[in-house]
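Below are the chains, spelled out letter by letter.
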Amino acid sequence: HMVGNVSKSYVKNCTVHHANNRAIAIHGVNHLTVSWNVVFDTRGHAVFIEDGTEVRNTLSYNLVAMVRPIWSLLLVDQSPACYWIVNPDNDVYGNVAAASSHYGFWYRQLEKPDGISGQSAAEQNAKQFPIY
């Protein structure tokens, strides 16, 4: 959580199920690999790239199914997505979203990140086209 560059870290081949508070939250980290995971029956955004300052993370070949709303987290968790992505400078490919109460993939690209993850202004404004 909010540790910056984690290029040697990953979340691979895991299952998260029946969770009442998201599944995988990526907050203030860069270069994380999230691959070949299965998420089932969660509340709130399931795979959550939080602030928009998180860059160069890879989400690949994950399956997220049955995502339901929750009213005790952020307002946007009342209409959850399997994948909530705020910065386009993350690679997102080969993923499957199924049976969300609202959205499969929610790309919420802002002019500038609105989070407080602590990266420099240069990192916050870095944008490139992602790999899909």
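A brief report on the enclosed structure follows. (Residues numbered from 1 in each chain as written. Predicted model: local features only at pLDDT ≥ 70, side-chain atom pairs only at ≥ 80, totals over all residues. Heavy atoms only, no water.)

Points about unusual backbone geometry
The phi angle at Tyr61 is positive, at roughly 55 degrees, despite the residue not being glycine. Under the relative-accessibility criterion, Tyr61 is labelled partly exposed at 37%. Of note in this structure, Ala99 is not a glycine but carries a positive phi near 60 degrees. Given the relative accessible area of 61%, Ala99 is considered exposed. (Buried < 20%, exposed > 50% of the residue type's maximum accessible area, 1.4 Å probe, protein only.)

Description of the nonpolar core
Side chains of a nonpolar character, in soluble globular proteins, are inclined to be buried together. Membership of the largest hydrophobic core comes to 17 residues, with the highest contact counts inside it found for Ile26, Leu32, Val34, Leu59, Val64 and Tyr83. When contributions to this core are tallied by element, the ones reaching two or more residues are β4 (24-26), β8 (47-49), β10 (63-68) and β11 (81-85). Sequence-distant contacts of Tyr83, defined by excluding residues within four places in its chain, comprise Val47, Leu59, Asn62, Leu63, Val64, Asn95, Val96, Ala97, Gly104, Phe105 and Trp106. (Core = buried A, V, L, I, M, F, W, Y, C linked by side-chain atoms within 4.5 Å. Helix = DSSP H or I, 4+ residues; strand = E, 2+ residues; numbered from the N terminus. Contact = heavy atoms within 4.5 Å.)

Some words on the packing of aromatic side chains
In this structure the tally under the stated criterion is 6 aromatic pairs. Measuring from centroid to centroid gives 4.7 Å for Trp36 and Tyr61, while their planes differ by 15 degrees, and the two rings are stacked. Placement of the pair is Trp36 in the loop between β6 (33-35) and β7 (38-43) and Tyr61 in the loop between β9 (58-60) and β10, with a sequence separation of 25 residues. On the accessibility criterion, Trp36 (54% relative accessible area) is exposed. Taking 4.8 Å as the distance between ring centres and 70 degrees as the angle between the ring planes, the aromatic pair formed by Trp84 and Trp106 counts as edge-to-face. One end of the pair, Trp84, is in strand β11; the other, Trp106, is in strand β14 (residues 103-107), and 22 residues separate them in sequence. Here Trp84 falls in the buried class, since its relative accessible area comes to 3%. (Phe/Tyr/Trp six-rings, centres within 6.5 Å; stacked < 30°, edge-to-face > 60°.)

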